[in-house]
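Remarks on the overall topology
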Amino acid sequence: MEKHTAAVFDLDGTLLDSLTVWSRVDRDFLRCRGLEIPPDYTETVSAMSFTEAARYTIGRFALPEAPEELIREWNGMVAREYAHHIALKPGARECLRFLGERGVRLGVATALPEELYGPALKHNGIHALFGAFASVTETARGKGFPDVYLLCAERLGVTPGSCAVFEDVLPGLIGAKAAGMAAVGVYDENSNLCEKDALSVGDGYVRSLMELVEEKFYRKFF
């Protein structure tokens, strides 16, 4: 396995213990319109930009609103949660510090807009650990494509081949591989990503971010 000098992390479900918030927002958003949330909905939209998710939601449920109206409503529902309440997943802080202390450059590739991910990272005291941030709100396509990962690598000042990406959803792993990067699946109880599926397209799978501080795993990728 090629060694890497940079690690690029997804946020929701990978570093942030936040997908339950999105499941609740999705449920409440649809129920107030008299709709039940389909089992696949939250995971499907989690890899999309807000604009993509809004267009998808409007099309799937034949909603009368414009995408901008949905985005404003979603932002209002989750802004306080991200700024004050969402915590890190177990092992996230230790993992980031471990890699940073060994000279690994750290980046974020997320579907979240800056107004959500910035306060969440600052609230949890890890914002300063990252050298670059990239959001699918800045790219033409979502997490199933390489765009956001390539943007993050560019901002880190590294080549795509020097990056290992950590994601909890299959589209993220697919997009990272399309960018020419290593892709490692991360378990999250609210994601349907299993080890078999992660390894079918990616290069590794961890049940906990604490595994990344183990010397054998670190030496495998970095």
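Described in the following lines is the structure provided in the data block.

Rules of the game
- Residues numbered from 1 in each chain as written.
- Predicted model: local features only at pLDDT ≥ 70, side-chain atom pairs only at ≥ 80, totals over all residues.
- Heavy atoms only, no water.
- Axes fitted to C-alpha atoms, helices over the stretch in contact; angles between N-to-C directions.
- Helix = DSSP H or I, 4+ residues; strand = E, 2+ residues; numbered from the N terminus.
- Parallel < 35°, antiparallel > 145°, perpendicular 65-115°, else oblique.
- Left-handed = near helix turned anticlockwise from the far one by under 90°.
- Contact = heavy atoms within 4.5 Å.
- Nonpolar A, V, L, I, M, F, W, Y, C, P; charged D, E, K, R; others polar.

Two elements in contact, helix H1 (residues 19-31) and helix H4 (residues 67-84), have axes whose closest approach is 11 Å; the angle formed by their N-to-C orientations is 140 degrees. The angle between the axes of H1 and H4 places the two elements in the oblique class. As for how H1 packs across H4, the hand of that crossing is right-handed. Here H1 contributes Val-21, Trp-22, Arg-24, Val-25, Asp-28 and Phe-29 to the contact with H4, which in turn contributes Leu-70, Glu-73, Trp-74, Met-77, Val-78, Glu-81 and Tyr-82. Of the residues that constitute the contact of H1 with H4, the class distribution is nine nonpolar, no polar and four charged.

What follows concerns the packing of helix H3 (residues 50-61) against H4. The description of two helices packed together rests on the angle between their axes and the distance between the axes. Remark: H3 packs on H4, axes separated minimally by 9 Å, with the N-to-C direction vectors making an angle of 115 degrees. When the interaxial angle is binned, H3 and H4 end up roughly perpendicular. As H3 packs across H4, the resulting crossing turns out to be right-handed. When H3 is examined against H4, the residues Phe-50, Thr-51, Ala-53, Ala-54, Arg-55, Thr-57 and Ile-58 are found in contact with a partner set consisting of Pro-67, Leu-70, Ile-71, Trp-74 and Asn-75. The residue makeup of the contact of H3 with H4, split by class, is eight nonpolar, three polar and one charged.

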